[in-house]
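Spelled out from the first residue to the last, the chains are:
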Amino acid sequence: MAVILASQSPRRHELLSRIISDFEVVPADIDEDVKSYFTPMDYVLTMAAQKAAHIAKQYPNDLVIGSDTIVTIDNEILGKPTSREDGFRMLRQLSGRTHKVYTSVVLMKDDQESSATVPATVEFYDLTDEEINRYLDTKEYEDKAGAYGIQEQGALLVKSIQGDYYSIMGLPIATLYRMLPSFDQC
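Predicted, not measured: the structure shown is a model, and the values here were computed from it.

Visitor: Report on the overall build of the protein, specifying residues and quantitative values.
Guide: When its secondary structure is counted, the protein shows six helices and seven strands. Listing the helices and strands of the protein from first to last along the sequence gives β-α-β-α-β-β-α-β-β-α-β-α-α. The C-alpha atoms of the protein give a radius of gyration of 16 Å, which matches the 16 Å a tight globule of 186 residues would have. Each principal axis of the C-alpha atoms in the protein carries an extent, and together these give about 50 × 35 × 25 Å. Counting the 186 residues in the protein, one finds 49% classified as buried. Carbon and sulfur atoms provide 46% of the accessible area of the protein, an area that totals close to 9,100 Å². In the protein, the 18 positive side-chain charges and the 29 negative ones have mean positions that sit 3 Å from each other.

Spelled out as structure tokens, the structure:
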């Protein structure tokens with residue numbers, strides 16, 4: 001049985017390698033548009049499950065790990081920004097405020113499935129337009145939910161966190177590590 005990460009995220013690849021030495025990466029190409037009927041927690045779990053299910057169909061005898069991360073504020077899901085202007089809007093919205101980050105992980109193999117959603121709370125400093133633009137100049141925001149990555153220069157925007165740091169990065173490795181023993185060879 002192989003282990004397959006259903007994600008193209010370099011951060012998830014890096015984090016998974018801390019607990020599993022041998023795995024394949026097979027990105028799942030699914031529709032990630034946010035539908036208005038989703039609550040943030042429903043959305044993030046559904047996306048992780050759809051990623052895992054999409055790849056599990058192709059590799060039914062292997063363990064597939066799907067994951068998704070979202071940033072929410074005022075019950076709005078902030079996905080990946082579509083442009084620099086969208087990234088600026090998101091960071092302005094997060095400035096000086098506290099927001100939630102949710103990461104869901106779904107494991108699938110044959111007819112076995114396990115899932116978890118790990119929340120974290122992040123507080124941003126009050127950001128000036130200059131600070132936001134300086135961060136946007138790094139281009140780190142381009143593929144990140146909420147337009148920032150905490151593990152890089154985005155750490156300079158963060159006043160405090162409460163919860164699992166790795167969930168904010170995109171893969172709650174301690175939770176995942178505890179889920180793995182229920183799947184035979186892990």
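What follows continues from the structure just given.
Visitor: Describe in detail the UniProt feature "site: Important for substrate specificity" (unreviewed entry) in the protein, supporting the description with residues and values.
Guide: When the UniProt feature table is mapped onto this chain numbering, "site: Important for substrate specificity" (unreviewed entry) sits at Arg11, Thr69 and Gln151. A maximum C-alpha distance of 14.3 Å among these annotated residues, which run over 141 residues, shows that they cluster at one spot. You can see Thr69 is positioned in strand β3 (residues 63–73). If near-sequence neighbours (up to four positions away) are discounted, Thr69 is found in contact with Arg12, Val44, Val101, Tyr102, Thr103, Ala145, Ser167, Ile168 and Gly170. A polar contact of 3.0 Å, which involves the side chain of Thr69, links it to the side chain of Arg12. In this fold, Gln151 is placed in the loop between α4 (129–137) and β7 (158–163).

Visitor: Pulling in residues and values, what's your account of the packing of aromatic side chains?
Guide: Each aromatic ring pair is described using two quantities: the centre-to-centre distance and the angle formed by the ring planes. As enumerated under the stated definition, the model contains three aromatic pairs in all. An angle of 75° between the planes, with centres 5.7 Å apart, marks the rings of Phe38 and Tyr43 as edge-to-face. This pair shows no difference in class: Phe38 is buried, exactly as Tyr43 is. Their ring planes at 80° and their centres at 5.4 Å tell us that Tyr165 and Tyr166 sit as a pair that is edge-to-face. What makes Tyr165 partly exposed here is its relative accessible area of 30%.

Visitor: Can you lay out the pattern of salt bridges for me, pointing to particular residues and giving the numbers?
Guide: Pairing between side chains of opposite charge can happen when the charged atoms of each approach one another. According to the stated counting rule, one finds 13 salt bridges in the structure shown. For Asp143, the salt bridge is made with Arg11, and the minimal N-O distance between the two is 3.7 Å. Here Asp143 is found in the loop between α4 and β7, whereas its partner Arg11 is found in helix α1 (residues 10–16), with 132 residues between them in sequence. Here Asp143 falls in the partly exposed class, since its relative accessible area comes to 33%. Among the residues examined, Arg11 registers a relative accessible area of 13% and is labelled buried. Taking the shortest distance from any N to any O, the salt bridge between Lys51 and Asp68 comes out at 2.8 Å.

Visitor: Which residues make up the environment of Asp68, and what are the values?
Guide: With respect to the helices, strands and loops of the structure, Asp68 is situated in strand β3. A distance of 2.8 Å separates the side chain of Asp68 from the side chain of Lys51, its partner in a polar contact.

Visitor: Which residues make up the nonpolar core, and what values do they have?
Guide: The nonpolar side chains of a soluble globular protein tend to be buried with one another. Judged by nonpolar contacts, the single largest core of 40 residues is most densely connected at Leu16, Ile65, Leu91, Leu107, Phe124, Tyr148 and Leu176. Contact partners of Leu107, with chain neighbours within four places excluded, come to Leu63, Val64, Ile65, Gln112, Glu113, Ser114, Leu176, Met179, Leu180 and Phe183. In this structure, Ala6, Val26, Ala56 and Ile77 belong to the second largest nonpolar core, which totals 19 residues.

Visitor: Any chance you could break down the side chain of Thr72 for me, citing the residues and the numbers?
Guide: With respect to the element layout, Thr72 can be found in strand β3. Once residues within four sequence positions are removed from consideration, Thr72 is found in contact with Pro40, Ile77, His99, Lys100 and Tyr102.

Visitor: Account for helix α2 (residues 40–58), with residues named and values stated.
Guide: Over its 19 residues, α2 extends 28 Å from the first C-alpha to the last, a length consistent with the 27 Å expected when each residue adds 1.5 Å. When α2 is considered as a whole, its buried residues turn out to be Pro40, Tyr43, Val44, Met47, Ala48, Lys51, Ala52, Ile55 and Ala56. Elements that come into contact with the buried residues of α2 comprise β1 (3–5), α1, β3, β4 (76–78), β5 (98–109) and β6 (112–124).

Definitions and limits used
Residues numbered from 1 in each chain as written. Predicted model: local features only at pLDDT ≥ 70, side-chain atom pairs only at ≥ 80, totals over all residues. Heavy atoms only, no water. Helix = DSSP H or I, 4+ residues; strand = E, 2+ residues; numbered from the N terminus. Rg over C-alpha atoms; globule rule 2.2 N^0.38 Å. Buried < 20%, exposed > 50% of the residue type's maximum accessible area, 1.4 Å probe, protein only. Areas by Shrake-Rupley, 256 points an atom, 1.4 Å probe, with all protein chains shown as cover. Lys, Arg positive; Asp, Glu negative; His and termini not counted. Charge placed at Lys NZ, Arg CZ, Asp CG, Glu CD. UniProt positions renumbered as here; feature names shortened; annotations may be inferred. Contact = heavy atoms within 4.5 Å. Polar contact = N/O pair within 3.5 Å; in protein donor to acceptor, adjacent residues only side chain to side chain. Phe/Tyr/Trp six-rings, centres within 6.5 Å; stacked < 30°, edge-to-face > 60°. Salt bridge = Lys/Arg side-chain N within 4 Å of Asp/Glu carboxyl O. Core = buried A, V, L, I, M, F, W, Y, C linked by side-chain atoms within 4.5 Å. Expected span 1.5 Å × (residues − 1).

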